[in-house]
Structure formats: structure tokens, C-alpha cells
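# Fold and geometry: a report
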Amino acid sequence: MSGRHNNKLPNNLPQLQNLIKRDPQSYVDEFQQQLRHYQSNLQIFKLQPDKPNKELAELVMFLAQVGHCYLQQLSTFPQELTGLLMSHHTMIEPDLRMTFCKALILLRNKNLIDPTCLLELFFELLRCHDKLLRKTLYTHIVADIKNINSKHKNNKVNTTLQNFMYTMLRDSNPTASKISLDVMVELYKRDVWNDAKTVNVITTACFSKVTKIVVAGLKFFLGKDEDEKNDSDSDSEDGGPSVRDLKVRYSTGKKSCKNKKKLEKAMKVLRKHKKKKKPEVFNFSAIHLIHDPQDFSEKLLKQLEGSKERFEVKIMMMEFISRLVGIHELFLFNFYPFVQRFLQPHQRDVTKILLCAAQASHQLVPPEIIEPVIMTIANNFVTDRNSGEVMTVGINAIREVAARCPLAINEDLLQDLAQYKMHKDKNVMMSARGLIQLFRSLNPQMLHKRDRGRPTEASTEAKIKDYGEMEAKDHIPGAEVLEVEEGSKEGEEDADGWESASMSGDDDDGEWVDVHHSSDEETGEVAEKLQTIPVEEREAKAAAVSGSRLLTQDDFKKIRLVQLAKEVNAAPGKGQKRKNVDLNEEDDNRGEVLTLRNIEKLHKKPKDDKETRLATAMAGRSDRKDFVKKHHKLNPHASTSNREKRKTKNFMMMRHSQNVRTKGKRSFREKQIALQNQLLKKKKQYK
């Protein structure tokens, strides 16, 4: 019966806590007793705040657990804990301080304390030299702010906390500043604070005197591109022509190698256009939300020029400035000579510096500013005294800069670089051909006549705009096909209507069936007819169609099909004289942000050095024992035979043996018989 006496409520706080939660009104007296006990312990604690007090910690957690049951009696309890932590947080014993913080978190979860004053207290506590406490507070701050904004944005609380964090970033304690910055970055990643004010508060971290804070701010803005989750190759994603349309167009009619090649080239053009239309998805679109990026980039460049940080930090600052200049199309002319100093093949991380030079180039920069950068790359990298990898990186960098600022490269340099298309190194050869392919689409007239390739309608219309030139069209390019097609369909609507209706559905089994499709054939015929019409008449018809009717998705689909045909079909009066060069699908797939792959792209795997080959060989020898001939004995403990012993016996002991002395005196017949016996014996062993 002694177990029945364990029900001692004044001393058993967990049991009392459980009973109070079930029926608060029945245990008011017991609660009042514990509350008085807590108040007396609190007075003792205030006399010696640096001493551990386990009893006070248990009472604080007990009151925090039952705080929602006695709101009137515990109305001042949260303020008492807040005041204790605010005034004595530097001297309180770590376990007791953690208990007070957990009690406040518990009260906050029950919505018994205002979030603003509590979060400000927790930011103050980040100055404590207690790693576990800082981690706990960081987790709660992020979760609490996320919960506050879960249903709707609480702008009042957000504004107050953002203003407080702005002061925390300039705090003298680097640990508190760093954690405050981490909180803002994490809330931005979770789409809680994704406004411009948060981003511009984070920009102040880039000018901090603490290296860790500067690096954290730069890493936030230099976030890697997010892998696109919905990377499906469905043909009906957009309103453009699908793979099915192209197959119908080139499969109907006479089957020939010429049509097959045209289909392959049209498919490559279609894939290139689909890549071009994919929206850029970034982990951080924060660079777009910066207020006054011109002034910000100028201050950052000034800090970079006088910086004494490690080279890795300088590289990050250069990458950030180059992205700012490239995305916002800023004028930062001092940045290019600064980058130009580092453009040497022996420079550490030179590919990242080349990437910065390419990223900072855009059409609004005067060509005379970019031209020295291109000449420096050509003189230092693209020379025969350098290795093939160095030359490849240099040509790739020039191609990326010229793609963003075509006026910066002159005709002589372009033709010189184009001559590397026959270089013995395949990487250099492919890079030079990529540069040629780029200018075939930008301005073929700058290339030598033999490098221009077979002219297409698109290449004949290509022209590099002058500096500052803008092209404003008064019509939709390619809209002239609609007027011609509508006129040709009116007479044939009754005859061919059932054929188009029969193609409205796709095969259930997914297999391809060659069928007749009148609409696709007509589009091909219209594209061929348009080649004979002068350009002025085509533009006039396109303007008339654009201004007289509203275009549907089917109309845009037909327009895109004709525009694709321009890149496949030869120009009027030009026949196919040489083999078509494959389209480089990655050249036109340039987004806002370049990657190192654009600079370091190698078409051939480089040879391994001696150390790598030796390491590979040694790694392959680790399991060599599996392939050695094994001698199995019936008894593993038995000794070797006389025949085995003779193999390892010293020659000086065997030289006087009869077998050894007579071995050299054998006749040819004796040797023949011995060899025959040996071969027969081996043959028996392998059976």
C-alpha cells in the first residue's frame, strides 16, 4: 500500500500540471501555493542571479505550462521573465537562461505574449556566448515570423522587426549581426519576407567590416540558378509548332534524303527556340529589387578597389558587380580596366574573372570600352604558345562578350580567330567554329566569304544595330502568311474540312502514322510563295493583317512555323553548295546569368597527367589477387613436394646434379620428345 502515498501534489509538479489542465477550477489552491513558492524563489534569485537555481527552473516551466488556465493570476508572468532576461542575461547560469527562453517560447506558442517585444528580446540574447541558445533562438525566430505571416502578411509586425534588424546588422557584436542576417536570408528563401525592403536591408551587409557578414551577403545575391522542376519536353506546351507538325510537313509527299535532312534541321531549330522561350528561374531574384543599383555598384567597386580581403572574397565581389552591371545594364566604366589587370593565363581562378568580364558586357556599353578587354583576352590567351585549354577558354570568353556586345569586336580580329577552325586541337577548333556560328546569325558580312555558310532567309535579314539603335516594329513579323492563307482556304474549306477534322486527335498508342494534313502542306506552300514576294510588300501585308484583326493562338502558331522555316530554307537564288553546319543550340540559350560552363566548355576530355594515370593504375591493382593462379592443396598444412622444392633451391646446390649436367648435352630428338611431353601435360591440365 506504500505506492498509494505517491500522490503528493505540492511536490509532484508534473502530476499537478496534468490535473490542472484537465480541471483548472478544482486546483486553484494548489496553484496559488506554487505561485507563492515561485515568487519567493524569484526574490532569492534576484539577490544572486549568477547562482544556479534548479527549483526556480522547475517552477517557471510549470507556470508556463499552465499559463493559459489562469490568465488573470499570471498576467504579469511573461513580463517578469522578459525583464529578468533583459537585465541579467549576461550573468545568468546557461541552463537557467535556456529554461527561461523555453518558457517564453511556450508562452508565445500559446499566444500569451506579444511577438514584437519577445523577438526584440531574443535578438538581444544573440549576443550571449552560448551556441546552443543562439541555435534555439534562431530556429524559433524564423518559425514564429513564418507563422505570423502564414494567413496574411502582418505588415505592422514586419515593419517593426525589419527596422530593428537594420540596427542589428550594424551592431558591434559580429555574432548577433551574422545571425540577424541569416534570419533575413532564410525568411527570404521561404517566401515570407520577399519584398524590396528586406533585400535593401541585406545590401548593407556588403559594406560591413566583418568578413563573414560580407561573404554571407554576397552569397545571398550570388545564389545559384534553380533547376527547373517542370523540364518536360511536351510538344504542346506553347502555341508554337510541335514536332508532330514538322513531321507531317516533311513526311507527306515524296520521301527523299533531302526532305529527311530538312526535317532534322527543322527539329534542331525547334529545340533551340523552345530553349529560348523557357523562362529564367532563379533562386534569388533579389538583384532585381535593389534600389538605385547604379549608386550601389559604384560604392561596391570603390570598396573592392581598396579591399584587403582574401582573393576569394574579391572574386565574389567582382561576380556580384558584374551581375549588377549586366542585369541592370549599368554604366560602370572603371570596372573593365580593373578586371583587365587580372586577365592572364597564370592568374588563379582566371575563368571566373573571364566570366565577370563577359557578364558585365551589354549593348549599352560603348564599344571602345569593351574592345580593350577583348584585345587583352586575344593577346594573352589566344596564342600558339599557350596550351589548347587556354586558347579554348580565351575564344569562349570572346564569344560570350561579343554575343552581348557585338560592336566591340572588329572584323580583322574576328577573321583571325575564325582561322582556328582548322586547328589541330579539337577544343580550339570547336570553339572557333562556335564563334563563326554566332556571327552567322548576328552579322555574316563580318566573316570571310568561305565562313558564312549557306545563306538562309534569317541570315540575309541579320544586321548588327548601331550603338544606341532601337528597332520598333509597327507590325508582327511573319503576319503576312495569315492573309495569304485565309484567301487560299476559302475555296477549299468544303473539300478539305474533313481532313483537318480527322487530325484533331492524336493516336492513343503514341505511334507515328504518316497521314495527309492539308493545313501543314498549305503552310509550307505559303512559306515558299512568300520567298518570291519583295520585302516591302511582305511588310505592308503584315502591317495590314496586324492592324485589321485579332490574332488567335492558331494564327501565332502558323506565324512561328513560317519564322522557323526562314532559318531552314535557303535564301532566294541560293542553292545548297556545301554540307550544313550543325546548329549550336547553346549559343542562343543565354539568360541573364552566365555560368562557368559557357567559358570552360571543352568538347574533348583532356588527357590525365602522370600522377592521375599512376593513381588509376594502382587502384586497379588492389584486387589483383583474384586473377592469380591458385594452388589448392588437399591438406593446407602439408609440406611441399620435392618438385616444388627444386624450383626454389639455390643453383649452386643443383649445378652438380645429373639432370643439370646432362641438360645441355641432349640431342635434338631428346629435346623434341621433352617438348612434346610438356605440351601434352599442359593440354591435360586445361581439360
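Per-chain numbering applies: the sequence of each chain, read as written, is numbered from 1 onward. This being a predicted model, a pLDDT of at least 70 is required before a residue's local features are given, and a value of 80 or more before pairs of side-chain atoms are given or counted; all residues contribute to the totals for chains, interfaces and linings. Hydrogens and water are ignored here; the side-chain numbers use all heavy atoms of the structure.

A separate point is the overall build of the protein. On a plain count of helices and strands, the protein comes out with 33 helices and zero strands. Burial classes: relative accessible area under 20% of the type maximum marks a residue as buried, over 50% as exposed, and values in between as partly exposed (1.4 Å probe, protein chains only). Of all 687 residues assigned to the protein, the portion counted as buried reaches 42%. In this analysis, two residues are considered to be in contact whenever any of their non-hydrogen atoms come within 4.5 Å of each other. The long-range fraction of contacts in the protein, counting pairs at least 24 apart against all pairs at least 6 apart in sequence, stands at 73%. What sets the accessible areas is the Shrake-Rupley method with a 1.4 Å probe; for residues, cover comes only from the shown protein chains. Roughly 41,000 Å² of accessible area belongs to the protein as shown, and the carbon and sulfur atoms make up 50% of that amount. What counts as a helix is a DSSP run of H or I of at least four residues, what counts as a strand is a run of E of at least two, and both are numbered from the N terminus.

Before going further, it helps to examine the state of the cysteines. A pair of sulfur atoms, both from cysteines and within 2.5 Å, is called a disulfide here. One pass over the structure, following the stated rule, counts zero disulfides. In this model Cys-101 remains outside any disulfide bridge; the closest cysteine sulfur is found in Cys-128, 7.7 Å from its own. Accessibility expressed as a relative area gives 1% for Cys-101, which makes it buried.

Assignment of secondary structure puts Lys-605 in the loop between α28 (596-600) and α29 (610-620). Residues Lys-605 and Asn-427, spaced 178 residues apart in sequence, show a C-alpha to C-alpha distance of 9.0 Å.

Its identity as a non-glycine residue notwithstanding, Asn-111 has a phi of 60°, on the positive side. Examined against the element boundaries, Asn-111 turns out to sit in the loop between α5 (94-109) and α6 (115-125). The class for Asn-111 is exposed, based on a relative accessible area of 59%. Positioned with a positive phi, Asp-349 is a non-glycine residue whose angle comes to about 55°. By the element assignment, Asp-349 lies in the loop between α16 (335-340) and α17 (350-359). Judged by its relative accessible area of 31%, Asp-349 falls in the partly exposed class.

Attention now moves to a positive patch on the surface. Residues Lys-426, Lys-604, Lys-607, Lys-610 and Arg-613 make up a contiguous surface patch of positive charge. Considering the arrangement of structural elements, one finds Lys-426 in helix α21 (residues 426-442). Under the relative-accessibility criterion, Lys-426 is labelled partly exposed at 41%. Here the term patch refers to residues with relative accessible area over 30% and no salt bridge, with like charges joined within 9 Å and nonpolar side chains (Val, Leu, Ile, Met, Phe, Trp, Tyr) within 5 Å. The salt bridge criterion pairs a side-chain nitrogen of Lys or Arg with a carboxyl oxygen of Asp or Glu, the two atoms within 4 Å. Neither His nor the chain ends contribute to the count of charged residues, in which Lys and Arg are positive and Asp and Glu negative. One atom stands in for each charge, and that atom is NZ of Lys, CZ of Arg, CG of Asp or CD of Glu.

All axes are obtained by fitting lines to C-alpha atoms, using only the stretch in contact for helices, and the reported angles, taken between N-to-C directions, cover 0 to 180 degrees. Running from amino to carboxyl end, helix α8 (residues 155-169) crosses helix α9 (residues 174-189) at an angle of 140°, the nearest separation of the two axes being 8 Å. The angle between α8 and α9 falls in the class oblique. When the axes of α8 and α9 are compared, the crossing they make is left-handed. Contacts between α8 and α9 involve Met-165, Met-168 and Leu-169 from the former and Ala-176, Ser-177, Ser-180, Leu-181, Val-183 and Met-184 from the latter. In this classification, the charged set is Asp, Glu, Lys and Arg, the nonpolar set is Ala, Val, Leu, Ile, Met, Phe, Trp, Tyr, Cys and Pro, and all remaining amino acids, among them Gly, are polar. Residues that form the contact of α8 with α9 fall into these classes: seven nonpolar, two polar and no charged. For classification purposes, an angle smaller than 35 degrees is called roughly parallel, one larger than 145 roughly antiparallel, one from 65 to 115 roughly perpendicular, and anything else oblique. Left-handed describes a crossing whose near helix is turned anticlockwise from the far helix by less than a right angle; the clockwise case is right-handed.

Let us now look at the nonpolar core. A general tendency of soluble globular proteins is for nonpolar side chains to be buried together. Here, the term nonpolar core denotes a set of buried Ala, Val, Leu, Ile, Met, Phe, Trp, Tyr and Cys residues that are joined through side-chain atoms within 4.5 Å. In this structure, Phe-100, Phe-122, Phe-221, Phe-320 and Phe-439 are the most contacted members of the largest nonpolar core, which totals 149 residues. In terms of residues, this core owes the most to one element, helix α15 (residues 311-328), which gives 11 residues. In terms of nonpolar packing, the next biggest core, distinct from the first, is built from eight residues, Val-481, Ala-542, Leu-551 and Ile-559 among them.

Attention shifts here to the confidence of the model for the protein. The share of residues in the protein with pLDDT of 70 or more is 79%, and the mean pLDDT across the chain is 80. The element-level mean pLDDT for the protein is lowest in helix α24 (residues 493-502), coming to 41, with α16 highest at 95. Values of pLDDT, the confidence the predictor places in each residue, fall between 0 and 100. Throughout residues 1-5 the model reports pLDDT below 50, and contacts reaching past four residues in sequence, or to other chains, amount to zero contacts. Across residues 224-238, confidence stays below pLDDT 50; counting only partners more than four residues off in sequence or on other chains, it has 17 contacts.

Turning to α9, a few remarks are in order. Any helix carries an expected span of 1.5 Å times its number of residues minus one. Between its first and last C-alpha, α9 extends 22 Å over 16 residues, near the 22 Å set by a 1.5 Å rise per residue. Contacts from the buried residues of α9 go to α6, α7 (131-148), α8, α10 (196-203) and α11 (211-221). Asp-191 sits one or two positions beyond α9 and adopts a positive phi of about 65°.

What follows is about the pattern of salt bridges. Applying the stated rule across the entire model yields 12 salt bridges. Residue Asp-144 is joined to Arg-108 by a salt bridge in which the shortest nitrogen-to-oxygen separation is 3.2 Å. Linking Asp-144 in helix α7 with Arg-108 in helix α5, this pair joins segments that are 36 residues apart in sequence. Salt-bridge contacts for Asp-182 lead to Lys-178; the nearest nitrogen and oxygen are separated by 2.9 Å. Remark: Lys-178 and Asp-182 occur in helix α9; sequence separation between them is four residues, near one turn of the helix. The exposure class assigned to Asp-182 is partly exposed, which follows from its relative accessible area of 25%. Through salt bridges that share partners, Glu-124, Arg-127 and Asp-171 make up one connected network.

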